[in-house]
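Each chain is listed here by its residues.
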Amino acid sequence: MDKIKIRKGLDIHLDGKATKQLEVFEPMFCALKPTDFIGVLPKLHVTEGDDVKIGSVLFHDKNNEKIVFTSPISGRVKAIVRGDKRAILAVVVENDGKNEAIDFSSVSNPIEKMLQSGVWPLLRQRPFATIANPADKPKHIFISMFDTAPLAPDYNFIIGNQQNTFIEGIKVLSKLTDGNVYVNVCKDVRPCVSADAKNVIYTEFEGPHPAGNIGTQINALSPINKGEVVWYCYPQDVITVGKLFLTGRYDSTRIIATTGSAVRNPHYYQTRTGAYVAQILDIDENARVISGNVLTGTNITSDKFLCFHDSQVTVIPEGNKYKMFGWLRPVFRRINDTNTNGDTRPYIMTGQFERVFPFDIYPMQLIKACLIKDIEQMEELGIYEVDAEDFALCEFIDPSKTQIQQIIREGLEFIRKETC
């Protein structure tokens, strides 16, 4: 097994790590949110009041009708939430507790089975972090088996006794590429893979965050050039694929870690994709609920529905209380709220980003190229290798408090719409 050490980065230590205690939680409601998927234009298949089973199609992507999004629970469509210009924000399903599911055993083609069941959206691609195009043949497939983000869940605990299911998922994914399936581990997470999967390569990573980011691992193993596509996913996604091929049914079970200093008893829950997590969060009112981690997660304080890809919910106090002396005040303890200690300032070029950015890329120059929408310069500086999450630490240490992840995301979207 090859070993790669990531030397640049920064570990952020927060209070509220989940204890290794697992509780089963069957949610009252689940929601699929088109906003969780980059570039998806939803076309509804249901109306409010319709009865659905696990695996029933709720909507498909207008850009590719084969990519469908299916219900994670059985029950009735409770609400179709719309926003500005009647854009679909969420399809909410009320759980009837029967767990009736559609059987996809008769579908023999692996890609068709994943598409029809609604499992396919678990696979994403670089560049652009969109749902993988089933018509493509990816250069490689990458699976990150560990997470180095603040208060990240322990995937070794999550996988638990599901090793055989994981192996089945790896076998299926290995058939989707002519290249390699890179299973990237750390010293504490080492699941086994059957020898039947010939093109599976293990690599052990060591180092601070973002060593666990898929972008960091791709950059170290097989950087993306213009015109190339790689796919990626995470351990629970692999397990979901494995269950589909072992049972013929879409199993939406997902284990999540509730974390953060505002959670009174942070631990793990076995729940469902898109679960309504308000029922399990014993928190104060003046708190921010984040689906994911504090660096890259989504603020779900208003609806409290778990985002599609996340295995973590973080709750921290809102930083809306005045602190004497503000940013001049010395800090002797861990950062545990959302206070940025000051307003947005002019963009200052400090040369500090290179300390925490492990890619062989000039981060400051790429950010500036994204700001001015210079496609040629963005391509020369490596835009196809990165996603917004890869710049989270740059944003965290930025004295200008610039929304760097948003700038990178907008740059990627600009190129995607201009070139695809």
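I will try to describe carefully the structure that is included in this document. What you see is a predicted model; the values in this text were computed from it and never measured.

## Here we look at the pairing of strand S6 (residues 57-61)
Right, on to step 1. Most of S6 is tucked away: 4 of the 5 residues are buried.
Right, on to step 2. In this structure, strand S4 (residues 42-44) lies alongside S6, joined through 3 bridges in antiparallel fashion. Looking at the pairing, lysine 43 lines up with histidine 60 of S6.
Right, on to step 3. Bridge analysis of S6 against strand S7 (residues 64-70) gives 4 bridges, and the strand direction is antiparallel. Its bridge partner being in S7, aspartate 61 is matched across the sheet by asparagine 64.
Right, on to step 4. Here S6 folds back onto S7 in antiparallel fashion, the turn holding 2 residues.

## A closer look at the side chain of arginine 126
Right, on to step 1. By the element assignment, arginine 126 lies in strand S10 (residues 124-126).
Right, on to step 2. In this structure the side chain of arginine 126 is engaged in a polar contact, spanning 3.5 Å, whose partner is the side chain of glutamate 389.

## A closer look at the pairing of strand S17 (residues 287-291)
Right, on to step 1. Of all 5 residues in S17, 4 are buried; the element is thus mostly enclosed.
Right, on to step 2. Pairing analysis gives 5 bridges linking S17 to strand S19 (residues 312-317), with the strands arranged antiparallel. From the neighbouring strand, valine 289 faces S19, where its bridge partner is valine 315.
Right, on to step 3. Here 2 bridges tie S17 to strand S18 (residues 298-299), and the two strands are oriented antiparallel to one another. Considered in S18, the bridge of isoleucine 290 is made with asparagine 299.
Right, on to step 4. Hairpin connection of S17 to S18: 6 residues between the antiparallel strands, including glycine 292 at a positive phi of 110°.

## A look at the sheet that holds S7
Right, on to step 1. If you trace the 3 strands from one edge of the open sheet to the other, you get S4-S6-S7, paired in antiparallel fashion. A single partner strand is all that each edge strand has here, and the edge strands are S4 and S7. Strand-to-strand twist across the sheet, computed as the mean angle between neighbouring axes with direction ignored, equals 35°.

## A look at the environment of glutamine 377
Right, on to step 1. Along the chain, the position of glutamine 377 falls in helix H8 (residues 375-380).
Right, on to step 2. The residues touching glutamine 377, leaving out its near neighbours within four places in the chain, are Ala369 and Ile372.

## Some points on the nonpolar core
A general feature of soluble globular proteins is that nonpolar side chains tend to end up buried together.
Right, on to step 1. Counting 67 residues, the largest nonpolar core has Met114, Trp120, Leu123, Ile143, Val183 and Val277 as the members making the most contacts within it.
Right, on to step 2. The element that contributes the greatest number of residues to this core is helix H5 (residues 235-247), accounting for 5 residues.
Right, on to step 3. Excluding residues within four positions of it along the chain, valine 183 makes contact with Ile143, Met145, Ile170, Val200, Ile201, Tyr202 and Thr203.
Right, on to step 4. Counting residues in hydrophobic clusters, the runner-up holds 29 residues, among them Ile12, Leu151, Phe357 and Ile408.

## Thoughts on the packing of aromatic side chains
Right, on to step 1. For the structure shown, the criterion picks out 13 aromatic pairs.
Right, on to step 2. Centroid distance phenylalanine 25 to tyrosine 269: 6.4 Å. Interplanar angle 80°. Geometry classified as edge-to-face. Placement of the pair is phenylalanine 25 in the loop between strand S2 (19-24) and strand S3 (29-32) and tyrosine 269 in strand S16 (residues 267-272), with a sequence separation of 244 residues. Each member of the pair, phenylalanine 25 together with tyrosine 269, is buried.
Right, on to step 3. Between the aromatic rings of phenylalanine 37 and phenylalanine 69, the centroid separation amounts to 4.7 Å while the plane-to-plane angle is 50°, which identifies the pairing as tilted. Here phenylalanine 69 lies in strand S7 and phenylalanine 37 lies in the loop between S3 and S4, a separation of 32 residues in the sequence. Accessibility assignment for this pair places phenylalanine 37 and phenylalanine 69 in one class, buried.
Right, on to step 4. Ring-pair connections join several aromatic residues into one group, and the members of that group are Phe37, Phe59, Phe69 and Phe308.
Right, on to step 5. Sitting over the ring of tyrosine 232, arginine 126 keeps its end group 5.5 Å from the ring centre.

## Regarding helix H3 (residues 163-174)
Right, on to step 1. Helix length check: H3 (12 residues) gives 16 Å between terminal C-alpha atoms against 16 Å at 1.5 Å per residue, within 8%.
Right, on to step 2. Here H3 has its buried residues at Thr165, Phe166, Ile167, Gly169, Ile170, Val172, Leu173 and Ser174.
Right, on to step 3. Of the surrounding secondary structure, the elements contacted by the buried residues of H3 are helix H1 (110-117), strand S11 (141-144), strand S12 (181-185), strand S13 (200-206), strand S14 (230-233) and H5.

## Considering the pattern of salt bridges
Right, on to step 1. Under the defined criterion, the tally for this structure stands at 15 salt bridges.
Right, on to step 2. Measuring nitrogen to oxygen at the nearest pair gives 3.5 Å for the salt bridge that ties arginine 126 to glutamate 389. Of this pair, arginine 126 sits in strand S10 while glutamate 389 sits in the loop between H8 and helix H9 (392-397), and the two are 263 residues apart along the sequence.
Right, on to step 3. Since its relative accessible area comes to 0%, arginine 126 is described here as buried.
Right, on to step 4. The network of salt bridges with common partners includes Asp387, Arg409, Glu413 and Arg416.

## Here we look at the state of the cysteines
Right, on to step 1. All chains considered together, the criterion is met by 0 disulfides.
Right, on to step 2. Free cysteine: cysteine 394, not disulfide-bonded; nearest cysteine sulfur from cysteine 370 at 12 Å.

## Let's talk about the sheet that holds S16
Right, on to step 1. Here 6 strands make up an open sheet; going across it, the order is S2-S16-S15-S19-S17-S18 and the pairing mixed. The open sheet terminates on both sides in strands that have one partner only, identified here as S2 and S18.

## Notes on the packing of H1 against H5
Right, on to step 1. Two numbers describe how H1 lies on H5: the axes approach to 11 Å, and their chain directions differ by 105°. By the angle between their axes, H1 is roughly perpendicular relative to H5. Here H1 contributes Pro110, Lys113, Met114 and Ser117 to the contact with H5, which in turn contributes Val241, Leu244 and Phe245.
Right, on to step 2. Here the residues of the contact of H1 with H5 sort into 5 nonpolar, 1 polar and 1 charged.

What counts as what
Residues numbered from 1 in each chain as written. Predicted model: local features only at pLDDT ≥ 70, side-chain atom pairs only at ≥ 80, totals over all residues. Heavy atoms only, no water. Buried < 20%, exposed > 50% of the residue type's maximum accessible area, 1.4 Å probe, protein only. Helix = DSSP H or I, 4+ residues; strand = E, 2+ residues; numbered from the N terminus. Pairing = 2+ DSSP bridges. Polar contact = N/O pair within 3.5 Å; in protein donor to acceptor, adjacent residues only side chain to side chain. Axes fitted to C-alpha atoms, helices over the stretch in contact; angles between N-to-C directions. Contact = heavy atoms within 4.5 Å. Core = buried A, V, L, I, M, F, W, Y, C linked by side-chain atoms within 4.5 Å. Phe/Tyr/Trp six-rings, centres within 6.5 Å; stacked < 30°, edge-to-face > 60°. Lys NZ or Arg CZ within 6 Å of the ring centre and 35° of its normal. Expected span 1.5 Å × (residues − 1). Salt bridge = Lys/Arg side-chain N within 4 Å of Asp/Glu carboxyl O. Disulfide = S-S within 2.5 Å. Parallel < 35°, antiparallel > 145°, perpendicular 65-115°, else oblique. Nonpolar A, V, L, I, M, F, W, Y, C, P; charged D, E, K, R; others polar.

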